[in-house]
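Observations on chain architecture
Each chain, written out:
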Amino acid sequence: MRCSEFLRRYSDFRDETIDDPLVRRRFIAHMSLCGRCARYQEVIDLGVSLLRSADQIEASPRFYARLAAAVLHPEPIFAVSVCTSPRS
Ligand SMILES: [Zn+2]
């Protein structure tokens, strides 16, 4: 397994949606040989652990109003301004 395949299919591995035990063993074998992908797994594990242990955050009522407005009337990400003044 190459790192690109590991990263591309990692979510499926982590979510245990890969049923083929041979494929799962290939992920585990890759992590035993590749420090970067093993580190990736560690960082994801740490992030998931932190999120699971965090207190639930309550959004303010103003947030929901702003979210609804943004969904219904999205602003363009990149605004292009056009200069209409004549060249000098
Ligand atoms: Zn790798």
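Structure: see above.
Notes on the structure follow. (Residues numbered from 1 in each chain as written. Predicted model: local features only at pLDDT ≥ 70, side-chain atom pairs only at ≥ 80, totals over all residues.)

1. Digging into the overall build of the chain
- Of regular secondary structure, the chain possesses four helices and zero strands.
- Within the span of the chain, comprising 88 residues, buried residues form 2% of the whole. (Helix = DSSP H or I, 4+ residues; strand = E, 2+ residues; numbered from the N terminus. Buried ≥ 20, exposed ≤ 12 C-beta atoms within 10 Å, placed from the backbone.)

2. Details of unusual backbone geometry
- For Glu-16, which is not a glycine, the phi torsion comes out positive at approximately 60°.
- Within the fold, Glu-16 resides in the loop between helix H1 (3–14) and helix H2 (21–33).
- Looking at Glu-16, the number of C-beta atoms within 10 Å reads 8, which means it is exposed.

3. Considerations on H1
- Compared with an ideal rise of 1.5 Å per residue, which puts 12 residues at 16 Å, H1 spans 15 Å between its outermost C-alpha atoms and is within 8% of the ideal.
- Positive backbone phi, at 60°, marks Glu-16, one or two positions downstream of H1. (Expected span 1.5 Å × (residues − 1).)

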